[in-house]
Amino acid sequence: MYLPPHDPHVDDPMRFKPLFRIHLMERKCATVECMYGHKGPHNGHIQIVKKDEFSTKCNQTDHHRMSGGRQEEFRTWLREEWGRTLEDIFHEHMQELILMKFIYTSQYDNCLTYRRIYLPPSSPDDLIRPGLFKGTYGSHGLEIVMLSFHGKKAKGTKITGDPNIPAGQQTVEIDLAHPLQLPDIENLRDFSELSRIVLEVQEQVRREEQEREQRPEEEERSQPAASQPATSPLGGEGAEGEETAAGAEGTTQDKAPASQPFVLPMGVISRNEDYPRTCRICFYGTGLIAGHGFTSPERTPGVFVLFDDDRFGFIWLELKSFSLYSRIKVSFQNAQAPSQEAFDEMLKNIQSLAT
């Protein structure tokens, strides 16, 4: 199991934790050992469910328990998973979330199902190379997100989840057709100014979607393809000047746009204050929020901030919160999707599992 580094150190390397091992014996026999817990390897079982899916089961779950009971198990889990003790966590809401995560994960430590995940295909027109990223999620700690590109949209899909938003859900969506022009550094410190800019773009996006819905299908079919304006994946649909130019700057990694100063507005909370102070380009986007148990989910406006080839951020406008994401640089063998269609199908499957 690859675990994210301790919160909020997104640039630290992933941690490795073995979960099971297989001993190949003579006469084509094999033994399976569960590696979970602190009492050493013990008897386990592996079953192939179907193509690209298998499950593991521990046959001696008493090896997962500790002599000090659940309290000792929780304190050990907290130290290993979060790199801190219960006394370090003063915020009552954070204590509640961490306890919920412990209860949830410890329920499934004896039987796990594994499904293959493809890494997203890349294109020369992608804003940056797609892949897996570690991201800060407030009191939930660090989570793993997969960034992929789909025409004029980019999607951040949760590979690991939390009590509010489960794995498989689309945590952020970036509208590459709507770059944001940030105010100068002094005005950027004013949250109301940033909020005004974002909400204006949100209203523009809403009007454009409404116009598309109202446009008769017959009219769309009658228009010859040649009459459609050619736009790059990052080109704007509105004013030809600044939006298209801003988008064109970031069409490929080879054409790196000039950086601009960046600072979080006053009042926006960030788990990691060590975020970059310059960025390349920003886009309008939406982020998924929900109550405990994925209740009342809704997409809310935000700002996608591209810092460099390996780091980006997202300002959650409604939450007044900032998430910083850093690329996972582990090399996974045989993980590339055989086609865009296979990757899209995998995204649908993991989302349906989550719901």
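The structure displayed is predicted, hence computed values, not measured ones.

J.: Explain the overall build of the protein to me, using residue names and the numbers behind them.
T.: When helices and strands are tallied, the protein shows seven helices and 18 strands. Counting all 355 residues of the protein, 42% fall into the buried class. Surface summary for the protein: the accessible area is close to 19500 Å², and the carbon and sulfur share equals 51%.

J.: Can you lay out unusual backbone geometry for me, pointing to particular residues and giving the numbers?
T.: Residue Pro8 follows Asp7 across a cis peptide bond; omega there is 5°. Relative to the helices and strands, Pro8 is located in the loop between strand 1 (2–3) and strand 2 (15–16). A positive phi is found at Asn334, a non-glycine position, where the angle reads about 55°. Inspection of the secondary structure assignment puts Asn334 in the loop between strand 18 (321–327) and helix 7 (340–354).

J.: Could you give me a rundown of the sheet that holds strand 3 (residues 20–24), with the residues and numbers involved?
T.: Ordered by their spatial adjacency, five strands build an open sheet running 3-4-5-6-7, and the pairing between neighbours is antiparallel. The outermost strands of the open sheet, each flanked by one partner alone, are strand 3 and strand 7 (111–115). The mean angle between the axes of side-by-side strands here comes to 30°, regardless of whether they run parallel or antiparallel. With two bridges connecting them, strand 4 (residues 30–34) and strand 5 (residues 42–50) associate as antiparallel partners. Along strand 5, the bridge assignment pairs Glu33 with Asn43.

J.: Pulling in residues and values, what's your account of the packing of aromatic side chains?
T.: On inspection of all chains with the given rule, the structure shows 19 aromatic pairs. Where Tyr2 meets Phe332, the ring centres are 5.5 Å apart and the plane angle is 85°; that geometry is what we call edge-to-face. Highlighted residues: Tyr2 in strand 1 and Phe332 in the loop between strand 18 and helix 7, separated in sequence by 330 residues. By relative accessible area, which is 32% here, Phe332 ends up partly exposed. Aromatic ring contacts, followed pair by pair, group Phe133, Tyr137, Phe283, Phe304, Phe312, Phe314, Trp316 and Tyr325 into a single cluster. The residue whose ring lies beneath Lys158 is Tyr137, and the NZ or CZ to ring-centre distance is 4.5 Å. Note that Arg277 overlies the ring of Tyr275, its terminal NZ or CZ placed 3.8 Å from the centroid.

J.: Got a sec to walk through the nonpolar core? Specific residues and values, please.
T.: In a soluble, globular protein the nonpolar side chains are often hidden away together inside. Leu180, Phe262, Val303, Ile315 and Phe322 are the most contacted members of the largest nonpolar core, which has 26 residues in total. Residue assignment for this core shows that the elements contributing at least two residues are helix 4 (191–214), strand 15 (281–291), strand 16 (295–308) and strand 18. For this core, the element with the most residues is helix 4, which contributes six residues. Excluding its chain neighbours within four sequence positions, the residues that come into contact with Ile315 are Leu194, Phe262, Leu264, Pro265, Val268, Pro301, Gly302, Val303, Ser321 and Phe322. Counting 20 residues, the second-largest nonpolar core is a separate cluster that includes Phe133, Ala154, Leu176 and Phe314.

J.: So what's going on with the layout of surface pockets? Which residues, and what values?
T.: Over the atoms rolls a probe the size of a water molecule, and in doing so it shows where empty space is left. Empty space within the second largest pocket amounts to approximately 620 Å³. What lines the second largest pocket is a set of 25 residues, among which Tyr137, Gly138, Ser139, Leu319 and Ser321 lie closest to the centre. Breaking the lining of the second largest pocket down by element, the ones donating at least two residues are helix 2 (92–106), strand 13 (269–270), strand 15 and strand 18. Looking at the lining of the second largest pocket residue by residue, the class counts come to 11 nonpolar, 11 polar and three charged.

J.: So what's going on with the pairing of strand 9 (residues 142–150)? Which residues, and what values?
T.: Strand 9 sits mainly inside the fold: eight of its nine residues count as buried. Here strand 8 (residues 131–136) pairs with strand 9 via six bridges, running antiparallel. Across the sheet, Leu132 pairs through a bridge with Met146, a residue of strand 9. With antiparallel pairing between neighbouring strands as the criterion, strand 9 and strand 10 (residues 153–158) make up a hairpin whose turn holds two residues, including Gly151 at a positive phi of roughly 65°.

J.: Could you give me a rundown of the pattern of salt bridges, with the residues and numbers involved?
T.: Counting across every chain of the model gives 21 salt bridges. Residue Asp162 pairs with Lys158 through a salt bridge whose shortest N-O separation is 2.6 Å. Lys158 matches Asp162 in its accessibility class, with the two residues each being buried. Through salt bridges with shared partners, a single network forms among Asp11, Asp308 and Arg311.

J.: Could you give an account of empty space enclosed by the protein, naming the residues involved and the relevant values?
T.: For the structure on display, the rule yields two cavities of 30 Å³ or more. Counted as a void, the largest cavity has a volume near 130 Å³. Contributing elements (two or more residues each) for the lining of the largest cavity: strand 4, strand 5, strand 6 (53–58) and strand 7. Classifying every residue of the lining of the largest cavity by side-chain character gives 10 nonpolar, four polar and three charged.

J.: Provide a residue-level description of the environment of Gly302, including the pertinent values.
T.: By secondary structure assignment, the location of Gly302 is in strand 16. Taking the relative accessible area as the measure of exposure, Gly302 reaches 0% and is therefore buried. Here the alpha-carbon distance between Gly302 and Glu173, two residues 129 residues apart in the chain, equals 9.4 Å. Among residues more than four places away in sequence, those in contact with Gly302 are Val198, Phe283, Tyr284, Gly285, Thr286, Phe314, Ile315 and Leu317.

Analysis parameters
Per chain, residue numbering runs from 1 following the sequence as it is written. Where totals are concerned, whole chains, interfaces and linings use all residues; where local detail is concerned, this predicted model gives features only for residues with pLDDT of at least 70, and gives and counts side-chain atom pairs only at 80 or more. Hydrogens and water molecules were not included; the side-chain quantities draw on all heavy atoms of the structure. Helix numbers and strand numbers start at the N terminus; a helix is a DSSP run of H or I with at least 4 residues, a strand a run of E with at least 2. To sort residues, take the accessible area from a 1.4 Å probe on protein chains only and compare it with the maximum for the residue type: under 20% means buried, over 50% means exposed, and anything in between is partly exposed. In short, Shrake-Rupley with a 1.4 Å probe defines the accessible areas, and a residue's cover is counted only from the protein chains shown. Strands are labelled as partners when DSSP assigns at least two bridges between them. Here the axes come from fitting lines to C-alpha atoms, over the contacting stretch only for helices, and the angles between their N-to-C directions go from 0 to 180 degrees. Centre distance within 6.5 Å is the pairing criterion for rings of Phe, Tyr and Trp, where only the six-membered ring of Trp is used; planes under 30 degrees apart are then read as stacked, over 60 as edge-to-face, and the remainder as tilted. The criterion for a charge sitting over a ring is simple: Lys NZ or Arg CZ within 6 Å of the ring centre, and within 35 degrees of the ring normal. Buried Ala, Val, Leu, Ile, Met, Phe, Trp, Tyr and Cys residues form a nonpolar core when they are joined through side-chain atoms within 4.5 Å. Any pair of residues with heavy atoms lying within 4.5 Å of one another is described as a contacting pair. The definitions used throughout rest on a 1 Å grid laid over the protein atoms alone, on which a cavity is an enclosed set of points accommodating a 1.4 Å probe that cannot get out and a pocket is an open set flanked by protein within 12 Å on both sides along at least five of seven lines; lining residues are those having an atom within 4 Å of a point. Grid points are joined across faces, edges and corners, and a volume is the space filled by probe spheres set on the points. Gly counts as polar in this scheme, as do all residues outside two lists: the nonpolar Ala, Val, Leu, Ile, Met, Phe, Trp, Tyr, Cys and Pro, and the charged Asp, Glu, Lys and Arg. The salt bridge criterion pairs a side-chain nitrogen of Lys or Arg with a carboxyl oxygen of Asp or Glu, the two atoms within 4 Å.

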